[in-house]
Amino acid sequence: MRINGEIRVREVRVTDVNGNQLGIMPVREALAKAEESHLDLVEVAPKAKPPVCRIMDFGKYRYEQQKREKEARKKQKIITVKEVKLRPNIEQHDFEVKTKNALRFITDGNKVKVTIMFRGREVSHPEIGNELLLKVASTLSEYVNVERNPKLEGKNMTMILAPKQNKGGNNNA
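Enquirer: Hey, could you run me through the pattern of salt bridges in this one?
Expert: Where charged atoms of side chains with opposite charge meet at close range, the side chains can pair. For the structure on display, the rule yields five salt bridges. With a closest N to O distance of 3.2 Å, Glu122 and Arg87 form a salt bridge. A residue pair is termed long-range when its members are at least 10 positions apart, and Glu122 in the loop between strand E6 (111-117) and helix H4 (126-139) and Arg87 in the loop between strand E5 (81-86) and helix H3 (92-107) qualify at 35 residues. For Glu147, the salt bridge identified is with Lys111, shortest N-O distance 3.0 Å. Taken as a pair, Glu147 in strand E7 (residues 144-153) and Lys111 in strand E6 lie far apart in primary sequence, 36 residues in all. Judged by relative accessible area, which is 44%, Glu147 ranks as partly exposed.

Enquirer: Whenever I open this one, the nonpolar core confuses me. Can you help?
Expert: Grouped burial of nonpolar side chains is what soluble globular proteins tend to show. Ranked by size, the top nonpolar core spans 19 residues in total, and within it Leu86, Val112, Val114, Ile116, Val136 and Leu161 carry the most contacts. Other than its neighbours up to four places away in sequence, Val112 contacts Lys82, Val84, Ala102, Phe105, Ile106, Met159, Ile160 and Leu161.

Enquirer: Can you help me understand the sheet that holds strand E3 (residues 40-45) in this one?
Expert: Taken together, the four strands give an open sheet; going across it, the order is E2-E1-E4-E3, and neighbouring strands pair in mixed fashion. Because the sheet does not close on itself, it has two edges, and the strands there are strand E2 (21-26) and E3. Between one strand and the next, the sheet's axes are offset by a mean angle of 35°, whatever the strand orientation. With five bridges connecting them, E3 and strand E4 (residues 52-56) associate as antiparallel partners. Paired with Val42 across the bridge in E4 is Arg54. Of the strands in this sheet, strand E1 (11-15), E2, E3 and E4 touch helix H1 (residues 27-36), which is tilted by about 130° from E2.

Rules and cut-offs
- Here the residue numbers are simple positions, counted from 1 along each chain's written sequence.
- Residues qualify for local features only when their pLDDT is at least 70, as the model is predicted, and side-chain atom pairs are given and counted only at 80 or more; totals for whole chains, interfaces and linings, by contrast, use all residues.
- As a rule here, side-chain values cover all heavy atoms of the structure and leave hydrogens and water aside.
- Salt bridges are counted wherever a side-chain nitrogen of Lys or Arg sits within 4 Å of a carboxyl oxygen of Asp or Glu.
- Helical segments are the DSSP runs of H or I of at least four residues, strand segments are the runs of E of at least two, and each set is numbered from the N terminus.
- Burial here depends on accessible area, computed with a 1.4 Å probe over protein chains only, as a share of the maximum for the residue type. Under 20% is buried, over 50% is exposed, and the range in between is partly exposed.
- Throughout, nonpolar core names a set of buried Ala, Val, Leu, Ile, Met, Phe, Trp, Tyr and Cys residues whose side chains join them through atoms within 4.5 Å.
- Contacts are assigned to residue pairs that have any heavy atoms within 4.5 Å of one another.
- Pairing between two strands requires that DSSP report at least two bridges joining them.
- Lines fitted to C-alpha atoms define the axes, with helix axes restricted to the stretch in contact, and inter-axis angles between N-to-C directions lie between 0 and 180 degrees.

Here it is in structure tokens:
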């Protein structure tokens, strides 16, 4: 944002502190009005024809803007992608442990990337991996949405699961 002497155009559309239109005037006249009020002339819409400037206390405006940004950052939920790795010929108990871990990640509000790792000639049977990933999705279907369907990438097959919105993340509250 440009303020006061940094504004390098001939004419500007000016609004006062309360948002009332003061009209189009030369920059010098607008600066004089701002100085009369002991305030700053701030360019709020530089792309407009003519550019729009507002007479305001720039220090106070910047302070309030930083305060709003800080509040917005506080309210943001950082979503990370956790990974659960499986093998195509996984035993039932191991499968249950892995799905339980995935469920824990989901209830914490994270996304889960489920990966089937193929070794050697196992990759020639991608249908086994696909079946296993769909089994994970159906086991957790009450808690997750499939964000990305199973996809073979090199020797790995991956699928991404995201928490359902209506569950609201943590169920311990």
